[in-house]
Amino acid sequence: MALTDPVLSRIGNVVSGIQCVGGIATIIIAYLTARAIYNVYFHPLANQPGPRLAAVTDLWWAYASLSGRYPWMIEEALRKYGDVVRIAPNELVFITPQAAKDIYLAQRNNLELFVQVGYDAIDTGDGGISGETNPERHREIAKKLAPAFSTRNLRAKEGAIRKLLDLFIQRMQEHGGEAAEMQRWTDWLALDLSADMTYGKDLGQVRDMKDSVFLKATLKLNFFLAMSQLTRKFAFLSPLIYFTVPPSTWFVMPQLINMNSQDVQDRLARQGKTEHLDYFEQLVPADQPKPHNKKHLYHLENVSGQLLIAGWQPLANQFYSCIFFLLKEEPHVLEALVREVRGAFREDAMIGFDSTTNLEYLNACVYESLRLHQDTVDGLPRISPGAVVDGVYVPQGVTCQISYFAASRSPRFFIDPLKFRPERWLSAEHPRCDAKYQHDKLKASKPFSQGLRGCPGGAIATAVIRLFLAKVIWHFDLEAAPGLERLHFDKDFKFIVFWERQPFWVRFKPVSRP
């Protein structure tokens, strides 16, 4: 049967289409091959050691970021390849304290030289404070917020903080020695505290013993937030990131966004009428007119939302980890802490920010928990201006960072680096001081980073954690419920954007006093 002209035409079109697709595929393959060859042999970082896949493509970094094992994979890479490792075609990670100084303390005219890469991958148009990439704009916001983290502001918050901690103590007393699940309770307490310190909001989670809408939704967005950061290197994934939101959270997200906006509006309505100083006070002081500009209001929402999360996560992690490490450690550590705290105070009213400052073993336990369970584990990436970092020249435009996680767990800087040893933080005069740890490089542990973008709330967070632990130890004998012995930090914890901590149960047995 003879083929008609239309049929021949269609066949020709199909063949042409196949040839076109094949041509495009050939071009793509040729491009990727050429790029891989360039990255491995001719890129300015070609001489830096690291996983071979990381030199070729960003896929190694992407897998580490999404696997929940990022801190440990970076730690292992540094252990295997040396003090500086190439973890992506255009990205380096360092481990030494000197590298951290060179990256995060480098500045000119009070402006950072190593500029932040930017976490606002979804491009909302406003980076708040933690996501603001413009050094001048960041300095302006940070300067405005600085008084919020002063000693005066901390003292103004002490009454409200004690009130929430006392409510937690009351709830544990009501348990009557029954086991309480620490993942949930520490999230409730920490987020209640952060909401109150940020803009005087009462979330009531400890009081009502249930998740707020914010907590319930945010904990389910860990993978989504990681994917949004991934689009910094894989822009073509941007349309797909919303598919990583759990279906149950889709209906909550608009409510979550509206809640943050409403919280800012409610706080503005209470301008000059708050019970205590909060962080928001510095953004819009009581003697200034209320803002009505939409852009300004949106900026306030971003900054306050970031402060809320920044205040919640470190507190929750350390409330949890202080108890986790104390109960996992040899009994003599907890016994020493109990003797110090209960020997220092005759009644609960004596336990406060000032009175706990000089409890050396209590402080040592807090510092050691902060060392082992770092919150600054995402690398804090910065873009090099073209500078030397710990003796290595990092070309302009290359992303570089320090792994505080690896540094704080390195045997180069700490004896028994993976063990909870508060003794390493004690002065030589303390009776529990152990000369074994006298040469530890304590400054290698920087739980709040350093420099112009170092966490300004580090001192407040440390004071709150110390007060929490002192009050808990004074009121209760702690006993791990069955199951804790099977949990291990390096095996069971995960980090994506937030830490994912495993549930574990503790019995808070009230101390009998005459």
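Criteria and cut-off values
Residues numbered from 1 in each chain as written. Predicted model: local features only at pLDDT ≥ 70, side-chain atom pairs only at ≥ 80, totals over all residues. Heavy atoms only, no water. Helix = DSSP H or I, 4+ residues; strand = E, 2+ residues; numbered from the N terminus. Buried < 20%, exposed > 50% of the residue type's maximum accessible area, 1.4 Å probe, protein only. Salt bridge = Lys/Arg side-chain N within 4 Å of Asp/Glu carboxyl O. UniProt positions renumbered as here; feature names shortened; annotations may be inferred. Lys, Arg positive; Asp, Glu negative; His and termini not counted. Polar contact = N/O pair within 3.5 Å; in protein donor to acceptor, adjacent residues only side chain to side chain. Contact = heavy atoms within 4.5 Å. Phe/Tyr/Trp six-rings, centres within 6.5 Å; stacked < 30°, edge-to-face > 60°. Core = buried A, V, L, I, M, F, W, Y, C linked by side-chain atoms within 4.5 Å. Axes fitted to C-alpha atoms, helices over the stretch in contact; angles between N-to-C directions. Parallel < 35°, antiparallel > 145°, perpendicular 65-115°, else oblique. Left-handed = near helix turned anticlockwise from the far one by under 90°. Nonpolar A, V, L, I, M, F, W, Y, C, P; charged D, E, K, R; others polar.

Per an unreviewed UniProt entry, the protein chain is named Cytochrome P450, and its organism is Coniella lustricola.

Side note on unusual backbone geometry
One can expect most non-glycine residues to show negative phi and most peptide bonds to be in trans. Not every positive phi belongs to a glycine, and Asn109 is a case in point at roughly 55°. Relative to the assigned elements, Asn109 resides in the loop between strand E3 (107-108) and strand E4 (111-112). Residue Asn109 is classed as exposed on the basis of its relative accessible area of 62%. For Met209, which is not a glycine, the phi torsion comes out positive at approximately 55°. If you trace the backbone, Met209 turns up in the loop between helix H9 (205-208) and helix H10 (213-218). For Met209, a relative accessible area of 40% corresponds to the partly exposed category.

Observations concerning the pattern of salt bridges
Per the stated rule, a full pass over the model turns up 32 salt bridges. The salt bridge involving Arg171 is made with Glu174; its shortest N-O contact spans 2.9 Å. With a gap of three residues between them, Arg171 and Glu174 both fall in helix H7 (residues 151-174), about one helical turn apart. For Arg171, a relative accessible area of 10% corresponds to the buried category. Residues joined by salt bridges that share partners form a network here, namely Glu75, Glu76, Arg79, Arg409 and Asp490.

Here's the deal with the UniProt feature "binding site: heme" (unreviewed entry) in the protein chain
Sites flagged by UniProt as "binding site: heme" (unreviewed entry) map to Cys455. For Cys455, the position within the fold is in the loop between helix H19 (404-408) and helix H20 (458-475). Here Cys455 falls in the partly exposed class, since its relative accessible area comes to 39%.

Focus: the side chain of Arg382
Here Arg382 is to be found in strand E7 (residues 382-383). Of the side chains bearing the opposite charge, Glu112 lies closest to the buried Arg382, which forms no salt bridge; the N-O distance is 4.5 Å. Side chain to side chain, Arg382 and Gln116 meet in a polar contact 3.4 Å long. The residues contacting Arg382, other than those within four sequence positions of it, are Ile103, Tyr104, Phe114, Val115, Gln116, Val117, Val398, Thr399, Cys400 and Arg453.

Some points on the packing of aromatic side chains
Under the definition given, this model contains 27 aromatic pairs. Aromatic side chains Phe325 and Phe420 sit 5.6 Å apart centroid to centroid with 20° between the ring planes, which places their arrangement in the stacked category. Residue Phe325 is found in helix H15 (residues 294-328), and its partner Phe420 is found in the loop between H19 and H20; the two are separated by 95 residues along the sequence. Relative to Phe489, the ring of Phe325 lies with its centre 6.0 Å away and its plane at 50°, an arrangement referred to as tilted.

Digging into the nonpolar core
If you look at the biggest cluster of nonpolar residues, it comprises 128 residues, and the most contacted ones within it are Leu193 and Phe508. The element contributing the most residues to this core is H15, with 16 residues. Not counting chain neighbours up to four residues away, the residues in contact with Leu193 comprise Ile161, Leu164, Leu165, Leu315, Phe319 and Val464. Within the second largest apolar cluster, 19 residues are counted, among which are Val84, Ala99, Phe114 and Val398.

So, the packing of H7 against helix H8 (residues 182-199)
When two helices pack together, their arrangement is captured by the angle between the axes and the distance separating the axes. One way to put it is that H7 packs onto H8 with a least axis distance of 10 Å and a crossing angle of 160°. By the angle between their axes, H7 is roughly antiparallel relative to H8. For the pair H7 and H8, the crossing hand works out as right-handed. Between H7 and H8, the residues in contact are Lys157, Ala160, Ile161, Leu164, Leu165, Phe168, Arg171 and Met172 and Trp185, Leu189, Asp192, Leu193, Asp196 and Met197, respectively. Residue classes in the contact of H7 with H8 are distributed as 10 nonpolar, no polar and four charged.

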